[in-house]
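Residue-level listing of the chains:
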Amino acid sequence: MTQFDPGMIFDAVDVTGVVANALLGGAVARARRFDIVGFTVLGVCSGLGGGVIRDVLLASGLPVALTNPAYLPAAILASIAAYLLAVGRWTTRLLMVADVLALGCWAATGTHKALGVGLAWLPAVLVGVLTAVGGGIIRDVLVARAPVVFGGNTLYASVALVGSAEMLLMDQLGRPVVGMAISIMTCAALGLVARWRGWTLPGAAQWNLRLPAVPSLSVRYVDTWRRHPGTPVDTDGPGAG
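None of the values given here were measured: they were computed from a predicted structure.

(A) Geometry of the overall build of the chain. A count of helical and extended segments in the chain gives 9 helices and 0 strands. In sequence order, the chain lays out its α and β elements as α-α-α-α-α-α-α-α-α. Across the chain, contacts joining residues at least 24 apart in sequence account for 73% of those joining residues at least 6 apart. Accessible surface for the chain amounts to roughly 14400 Å². Of this, 67% is attributable to carbon and sulfur atoms.

So this is what it looks like as structure tokens:
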């Protein structure tokens, strides 16, 4: 009897995320009326950009996006599909589900790889989050718009942060496979609920720091002259002459 390998499920979620994000990149290209070149560039960058950023930061050899035989063809084919076929409402919803599934997978993978090369917990979590959201950031920068993860949208980078933290904890306990599974399920649940409920992070605080008013020199001299009319007023202020 063949032993169950959870890595096969994680690989399937990974490739599904590449396809979903490439299709979402194609949706942006369609909104901008790009040609097939624009579709392909946005789709590949959106689907594979986060992993490339991770591998370059970790200096762990060639990016997996270029060495794994499944990633690049999947991203290119999905980009071409997005060029040929318009994405409908239900298709978009399915892509959103695949996207949040991949979000946890990529956050956990980035964190695990960063820990594996000896990084401390904080940069490892940062690498995990960048792995998850980096492709979308590159896509948005290429079309000259503020990355959607910077605010004004439902929780996304924050969800990836939760997944990275979970993987960090489970990796320290020697259970990275469990950490991957927990991260995928948690990020999927949080991501879907956040979009359903419209959860967003609060905007910038509007606190105003008011300092006590200090009367100017001219006001003080005029006030002194009014109380003592015979006192000459030095209009040049102290130290003049």
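(B) Layout of the pattern of salt bridges. Per the counting criterion, the structure on display carries 4 salt bridges. We note a salt bridge from Asp-55 to Arg-54, for which the minimum N-O separation is 2.9 Å. Here Asp-55 and Arg-54 have matching classes, each one buried. A salt bridge links Asp-99 to Arg-195; the shortest N-O distance between them is 3.3 Å. Of the two residues, Asp-99 is situated in helix H5 (residues 89-116) and Arg-195 in helix H8 (residues 176-197); the sequence distance between them amounts to 96 residues. Overall, the relative accessible area of 4% leaves Asp-99 in the buried class. Three or more residues are tied together by salt bridges with common partners; here these are Arg-139, Asp-140 and Arg-145.

(C) Quick peek at the environment of Phe-150. Its location among the elements puts Phe-150 in the loop between helix H6 (121-142) and helix H7 (157-172). Separated by 51 residues in the primary sequence, Phe-150 and Leu-201 place their C-alpha atoms 10.0 Å from one another.

(D) The side chain of Thr-111, seen in detail. As for its placement among the helices and strands, Thr-111 is situated in helix H5. Among the polar contacts listed, one links the side chain of Thr-111 to the backbone oxygen of Ala-107, at a separation of 2.9 Å. Within the local environment of Thr-111, its side chain forms a polar contact with the side chain of Ser-164, the two groups lying 3.3 Å apart. Apart from the residues lying within four places of it in its own chain, the contact partners of Thr-111 are Ala-124, Val-125, Gly-128, Ser-164, Met-167 and Leu-168.

(E) Structural view of the packing of aromatic side chains. Evaluated as defined, the whole model comprises 1 aromatic pair. Judged by centre distance (5.2 Å) and plane angle (80°), the ring pair of Phe-39 and Tyr-83 falls under edge-to-face. Taken together, the positions of Phe-39 in helix H2 (residues 36-58) and Tyr-83 in helix H4 (residues 71-84) put the pair 44 residues apart, joining distant regions of the chain. When its relative accessible area of 2% is taken as the criterion, Phe-39 is described as buried. Here the guanidinium or amino end of Arg-197 rests over the ring plane of Trp-196, the centre of that ring lying 5.4 Å away.

(F) Examining the nonpolar core more closely. Val-18, Leu-48, Leu-103, Ala-132, Val-133, Ala-160 and Met-180 are the most contacted members of the largest nonpolar core, which totals 47 residues. Within the residue set of this core, elements represented by two or more residues are helix H1 (6-31), H2, H4, H5, H6, H7 and H8. When residues in this core are grouped by element, the largest group, 10 residues, is from H5. When sequence neighbours within four positions are dropped, the list of residues in contact with Met-180 reads Phe-10, Cys-105, Ala-108, Thr-109 and Met-167.

(G) View of the packing of H5 against H6. The contact between H5 and H6 brings their axes to 7 Å, and the two run at 145°. Here H5 and H6 pass one another in a crossing that is right-handed. Between H5, through Leu-103, Trp-106, Ala-107, Gly-110, Thr-111, Ala-114 and Leu-115, and H6, the contact on the second element is made entirely by Ala-124, Val-125, Val-127, Gly-128, Thr-131, Ala-132 and Val-133. In terms of residue class, the contact of H5 with H6 is made up of 10 nonpolar, 4 polar and no charged.

(H) Fine view of H6. Across its 22 residues, H6 extends 31 Å between first and last C-alpha, which sits within 8% of the 32 Å expected from 1.5 Å per residue. Ala-144 occupies a position one or two residues after H6 and carries a positive phi of about 60°.

Rules used in this analysis
Every chain begins its residue count from 1, and numbering advances along the sequence as written. Since the coordinates come from a predicted model, pLDDT governs what is reported: local features require at least 70, and pairs of side-chain atoms require 80 or more to be given and counted, while whole-chain, interface and lining totals use all residues. Side-chain figures throughout are based on the complete set of non-hydrogen atoms in the structure, without hydrogens or water. Strands are runs of DSSP state E lasting at least two residues, helices are runs of H or I lasting at least four, and both sets are numbered from the N terminus onward. Residues are treated as being in contact if the distance between any of their heavy atoms lies within 4.5 Å. Computed by Shrake-Rupley with a 1.4 Å probe, the accessible areas treat only the displayed protein chains as cover when residues are assessed. Whenever Lys or Arg places a side-chain nitrogen within 4 Å of a carboxyl oxygen from Asp or Glu, that contact is recorded as a salt bridge. Note on classification: 1.4 Å probe, protein chains only; a residue is buried when its accessible area is under 20% of the maximum for its type, exposed when over 50%, partly exposed between these limits. N or O atoms closer than or at 3.5 Å make up a polar contact, with two conditions inside protein: a donor-capable atom paired with an acceptor-capable one, and, for residues adjacent in sequence, both atoms drawn from side chains. A pair of aromatic rings is counted whenever rings of Phe, Tyr or Trp (Trp by its six-membered ring) have centres within 6.5 Å, and the orientation is called stacked for planes under 30 degrees apart, edge-to-face for over 60 and tilted otherwise. Charge over a ring is defined by NZ of Lys or CZ of Arg lying within 6 Å of the ring centre and within 35 degrees of the ring normal. What makes a nonpolar core is a set of buried Ala, Val, Leu, Ile, Met, Phe, Trp, Tyr and Cys residues whose side-chain atoms join them at distances within 4.5 Å. Note on method: axes are straight lines fitted to C-alpha atoms, helices fitted across the in-contact stretch only, with angles between N-to-C directions ranging 0 to 180 degrees. Crossings are classed by handedness, with left-handed meaning an anticlockwise turn of the near helix from the far one by less than a right angle and right-handed meaning a clockwise turn. Asp, Glu, Lys and Arg are counted as charged, while Ala, Val, Leu, Ile, Met, Phe, Trp, Tyr, Cys and Pro are counted as nonpolar; the rest, among them Gly, fall into the polar class. Helices are assigned an expected span. That span is 1.5 Å times one less than the residue count.

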